[in-house]
Structures are given as C-alpha cells and as structure tokens.
There are 2 protein chains.
Amino acid sequence: MSDRVLSPQELEAVLRQIGEERYHSLHPFHKLMYQGKLSRGQLQAWALNRYYYQCRIPIKDATLIARLPTPELRRAWRKRLHDHDGDAPDTGGIARWLKLTDGLGLDRDYVISTAGLLPITRFAVDAYVDIVRDRSILEGIASCLTELFSPTIIAERVGGMLANYDFITADTLGYFTPRLDQAPQDAEFALAYVKEHARTPEQQAAVQAVLRTKCDILWAMLDALHHAYVVPGLIPPGAFVPTAA
Amino acid sequence: MSDRVLSPQELEAVLRQIGEERYHSLHPFHKLMYQGKLSRGQLQAWALNRYYYQCRIPIKDATLIARLPTPELRRAWRKRLHDHDGDAPDTGGIARWLKLTDGLGLDRDYVISTAGLLPITRFAVDAYVDIVRDRSILEGIASCLTELFSPTIIAERVGGMLANYDFITADTLGYFTPRLDQAPQDAEFALAYVKEHARTPEQQAAVQAVLRTKCDILWAMLDALHHAYVVPGLIPPGAFVPTAA
C-alpha cells in the first residue's frame, strides 16, 4: 500500500494498469475463442456458464442500490437494472444472452436452470455478489470498473466470432452491441465516483484490491472453462457435457 | 392457523379483514390529524418521523429486487424505485415528502439527517426492511399489502388537512396525489402474486402474519408520535422538540 495519497489521475492510471495486467482478455480461452479455434461445444460451455454471470448482474446491482444512501446515487445505478432486465419481455441483457445460447443450440430451460454450470463459475460469480453486499459501498462501486476494459474484449470477441464461426450470426451476438455504449457509460460514472471518494491510502488500496479481485473472478471463470473443456478437458461431475459435433 | 387451504378469494377476504381491524387509519393520532386537532408542531413531528419511512422505502424495494428470481418480477417491482426515487432531481416520493416537511417549516438538512427521530420510528421502519431481507419472498411481497388500505387513509388525511389547517396547501401535500394511483397498482400486483403463490396452510398463515406485523409497524409509528407529542407528551431524549407556536 502506498504511504501517500494518489491524485485522482494517478489512481486512475493505477486502476487502468490493473486491467492491462489482469483482465481476462489476456486469457488463452478468450484468444482461442476469437481466433476461431473453439468447437461449437466449447462455445456452448462458455455461453452456458457466462449466463450465470449475466443473470446475477441485476441481483448484484439491486444489492448495491439497497445500500446507496441517496435517490441521486440510486437513480444512477438503477440504469443498470434497465440494461440487464430490460423494459419489457424479451428485452435487456439477460434476454439477449439467451438469444446467444439459443443460437448456439442450447436448450433454454437447461440454461436458465443453471444445472450444467461448472461449480467454479458459481463460486466466482457469487463472490462478486458477496463483494457488493459485504464490503464498503466504495468497493462495491469499484468492483464494476472492469467495464473500463470491456470494449476491447467485446470488439475482439464479436469480430473474431463472426469471422471464424459459420454458425454464429450478428443477431446471435446481439447481446454485445448495446454493451459497447452501456459499459463505458457505467464505467465513467463509477470511475468518477471512485476518484472522488477514494481519498485515503487505505481507501485507494481497497479499490485497487477489489478491482484485482474482480479481474480474478472473470479470469477464474475462463480458467474453469479452459480446464474443463480444453486442456486437460476434465469436466466436473454434473457439469455440461458437449455432444460430439 | 387454518387446517385447510383457503381459496384465493377466501385468502383475499381474510387479508382485507386484517386491514379492517389493524390498519393505522384507526389510530387516534390519525383521527386527530384529519380532524384538524393537531398543532403545527405535532404535524411537524409526524412529517419528520414519517420521512424515515419514506426514505427507507427504496432500500426496502431494492432489497426485495435483489432477491427476486426473474427479470419479469424485478421489472414489476422496479416501478416502485421510480415512484419513490423519481427519474430526475426533485422528483419522486422522497422529494415530494421533503416538500411537505419544507411546507411545515422544518429544516431540510435536519429532516434528512434523521437526527430528531423518535427511536421507535427507527426500530419499526428497520423491522420492515428486515422482513423483506430475511423472510421468504412471498412474505416480503405480502408485507406491502397495507397499500390495499391506503387510498382511504390518504383521502381522509388530505381532505381533512386542507380543510382544517390554514398553513397547509395542496402543493405541500403533493406527495399524496400520485400515491392514489401508485399504491392501488402496486397492491393489485402484490395481491395477485400472494393469491397465486400462497398455496399451503403454512404459506397462507405466513402472509396473514406478515400483514399483521406490517400493520403493527405503521401503528407503532403513530403510537410513538401520540405518546411523545400528544398524551402523555413524553418526548424521548434527543428527539425533535416542537417550538412553541
């Protein structure tokens, strides 16, 4: 922990450096994905597991809203509930993610049941919700700062997947298009909050630590997929097993 | 607890009967209020204490949203966040309640600080949030069913206060107008949910019990005001003291 207080600009630079070093865009599973080197079954496993992340996001956000002290902050954060739960049936991020799992040929009820998850997916995602419930509001807000780094990974993912998998269409990947606008807006709000409110060495260390942990959560999710479905390919009992293509 | 399962219609009748017997429209403090028999200081005490209820409502609702399992349910409940937190600065139920405390001549920062609350107000309101956090989702939803009974109390309150207090204007009471539409909509949704999901004697007993408890919470808030500011007029240490008119 730094002994001195970083300026807001220095803090931002340190936080961005964490992304440079730890964001899951660096993970071999992501690289295989956008390079077209995954099978349909491996992509199914990714979409199925990532669904759990998606469906817990509004839970995470409502958990934070329930702790925010003012209508102003709650209104700002409420945007995320709209983004993910939508404003009508079959709208919002969760519904769009189900279009992705549909497009990959997964049974929707099976996806929603989360019965086929890798256990590590559940542990990692639940750890994210726990952070927002149990740590300081500052850390809860800072935990979403991985959104600072998401436009690049989304661009790689969408471009690479459309180019390299003939069974994937732009419509199937419709989840990602609005995220290119939503995530930077959300990250900008959170970054401004963190730069304003992390004023002591302890607070600045805490926001760095929570952003590292959040990166670890996303990384662990790809680790679990890689180890179960790529190398060594050891699928845990009860988890989704791709059918031979 | 009834041994047999009530039909949805029977359950609704039992729930409405609870309101007939226990809703705070029956409390002497409410009667004094709409009959024009309270002083400005007593009305200030009411508005100041009731502010704590208002400002915790979005916390209660976000707490429940964080537990609701589907985008559909969360979208339906999210309406309440809009109603109370508004969609822009100085909109929504909390902002409108502050117009009421302004209109009664209370200092806004003092109101928002909640420093002058009667301790019983805090305990009772916090008990409401605890119900929604800790009990079943069914009970959390049923706890709002007091909204079934609110149009009558609002009509009595607004009509009586406008007629009987020359320092109160329709603008000051602007909080209540939208509630005449919002509360029945909300109650209708919750009642339909409860009638559909309370299917065992245990569940039906639980929703009756939680509605009684919610009535007790509202009643206790008026008890505290009555005992502190009317009879015997024993104001607890630290709580708001009206200035002599």
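**Details of the overall build of chain A**
Then, in step 1: For chain A, the helix and strand inventory stands at 11 helices and 0 strands.
Then, in step 2: Helices and strands in chain A line up, N terminus first, as α-α-α-α-α-α-α-α-α-α-α.
Then, in step 3: Here the C-alpha coordinates of chain A stretch approximately 55 × 40 × 35 Å along the principal axes.
Then, in step 4: Counting only residues that meet the buried cut, chain A has 43% of its 245 residues in that class.
Then, in step 5: Contacts in chain A between residues far apart in sequence, at least 24 positions, make up 79% of those at least 6 positions apart.

**Regarding the packing of helix 3 (residues 40-65) of chain A against helix 7 (residues 119-134) of chain A**
Helix packing for two helices is described by the angle between their axes and how far apart those axes are.
Residues and elements named next belong to chain A.
Then, in step 1: At their nearest, the axes of helix 3 and helix 7 sit 9 Å apart, and the two run at 10° to each other. When the axis of helix 3 is compared with that of helix 7, the two are roughly parallel. Across the interface between the two elements, Asn49, Tyr52, Tyr53, Arg56, Ile59, Lys60, Thr63 and Leu64 of helix 3 pack against Thr121, Arg122, Val125, Tyr128, Val129, Val132 and Arg133 of helix 7.
Then, in step 2: Grouping the constituent residues of the contact of helix 3 with helix 7 by class yields 8 nonpolar, 3 polar and 4 charged.

**Some remarks on the environment of B:Leu211**
Then, in step 1: Summarising the element assignment, B:Leu211 is placed in helix 11 (residues 201-229).
Then, in step 2: Sequence separation between B:Leu211 and B:Arg16 is 195 residues; the distance between their C-alpha atoms is 9.8 Å.

**As for the interface of chain B and chain A**
Then, in step 1: Contacts between chain B and chain A engage 18 residues on the former and 18 residues on the latter.
Then, in step 2: Counting residues per element, the ones that place at least two in the side of chain B that touches chain A are helix 3 (40-65), helix 4 (71-85) and helix 5 (93-103) of chain B.
Then, in step 3: Looking at the side of chain B that touches chain A element by element, the count peaks at 7 residues for helix 4 of chain B.
Then, in step 4: Among the residues making up the side of chain B that touches chain A, the classes are represented as 10 nonpolar, 3 polar and 5 charged.

**Thoughts on the packing of helix 7 (residues 119-134) of chain B against helix 11 of chain B**
Residue and element names in this part refer to chain B.
Then, in step 1: In the contact formed by helix 7 and helix 11, the axes pass within 8 Å of each other and the chain directions differ by 165°. With respect to their mutual orientation, helix 7 and helix 11 come out roughly antiparallel. Crossing of helix 7 over helix 11 shows left-handed handedness. Together, Ile120, Thr121, Ala124, Ala127, Tyr128 and Ile131 of helix 7 and Val210, Thr213, Lys214, Ile217, Ala220, Met221 and Ala224 of helix 11 make up the contact between the two elements.
Then, in step 2: Along the lines of polarity and charge, the residues of the contact of helix 7 with helix 11 split into 10 nonpolar, 2 polar and 1 charged.

**Notes on unusual backbone geometry**
All names here are of chain A.
Then, in step 1: Cis peptide bonds are those with omega within 30 degrees of zero, and the linkage from Val231 to Pro232 qualifies with 0°.
Then, in step 2: The residue Pro232 is located in the segment after helix 11 (201-229) in this model.
Then, in step 3: Of note in the backbone geometry, Thr114 takes a positive phi value of approximately 60° without being a glycine.
Then, in step 4: Look at Thr114 and you get partly exposed, because 16 C-beta atoms sit within 10 Å.

**Notes on helix 3 of chain B**
Residues and elements named next belong to chain B.
Then, in step 1: End to end, helix 3 covers 38 Å across 26 residues, agreeing with the expected 38 Å (1.5 Å per residue, within 8%).
Then, in step 2: Approximately 30° is the largest bend angle found in helix 3, and it occurs at Arg56, with the proline Pro58 only one to four residues beyond.
Then, in step 3: For helix 3, the buried fraction is high: 22 of the 26 residues fall into the buried class.

**Quick word on the nonpolar core**
Then, in step 1: If you look at the biggest cluster of nonpolar residues, it comprises 134 residues, and the most contacted ones within it are A:Leu145, A:Leu225, B:Leu145 and B:Leu225.
Then, in step 2: With sequence-adjacent residues up to four places away left out, A:Leu145 is seen in contact with A:Leu15, A:Ala187, A:Ala190, A:Leu191, A:Val194 and A:Leu211.

**Some points on the relation of the copies chain B and chain A**
Then, in step 1: Least-squares fitting of chain B to chain A yields an RMSD of 0.0 Å, with the superposition described by an axial translation of 0.0 Å and a rotation of 180°. On this basis, the relationship between the two copies can be described by a two-fold rotation axis. Minimal C-alpha distance to the rotation axis in chain B is attained by B:Ala62, lying at 2.6 Å.
Then, in step 2: Here 100% of the contact residues of chain B are again contact residues in chain A; the copies associate through an equivalent surface.

**Details of the environment of B:Ile168**
Residue and element names in this part refer to chain B.
Then, in step 1: Residue placement: Ile168 occurs in the loop between helix 9 (150-164) and helix 10 (176-197).
Then, in step 2: Separated by 68 residues in sequence, Ile168 and Leu100 place their C-alpha atoms 8.8 Å apart.
Then, in step 3: The residues touching Ile168, leaving out its near neighbours within four places in the chain, are Gly103, Met161, Leu162 and Leu173.

Basis of the calculations
- Residues numbered from 1 in each chain as written.
- Chains lettered and ligands numbered in written order.
- Predicted model: local features only at pLDDT ≥ 70, side-chain atom pairs only at ≥ 80, totals over all residues.
- Helix = DSSP H or I, 4+ residues; strand = E, 2+ residues; numbered from the N terminus.
- Buried ≥ 20, exposed ≤ 12 C-beta atoms within 10 Å, placed from the backbone.
- Contact = placed C-beta atoms within 7 Å.
- Axes fitted to C-alpha atoms, helices over the stretch in contact; angles between N-to-C directions.
- Parallel < 35°, antiparallel > 145°, perpendicular 65-115°, else oblique.
- Nonpolar A, V, L, I, M, F, W, Y, C, P; charged D, E, K, R; others polar.
- Left-handed = near helix turned anticlockwise from the far one by under 90°.
- Expected span 1.5 Å × (residues − 1).
- Bend = angle between axes of the 7 residues up to and from the residue.
- Core = buried A, V, L, I, M, F, W, Y, C linked by C-beta atoms within 7 Å.
- Least-squares fit on C-alpha atoms with pLDDT ≥ 70 in both.

These results come straight from atomic positions and should not be treated as a statement about function.
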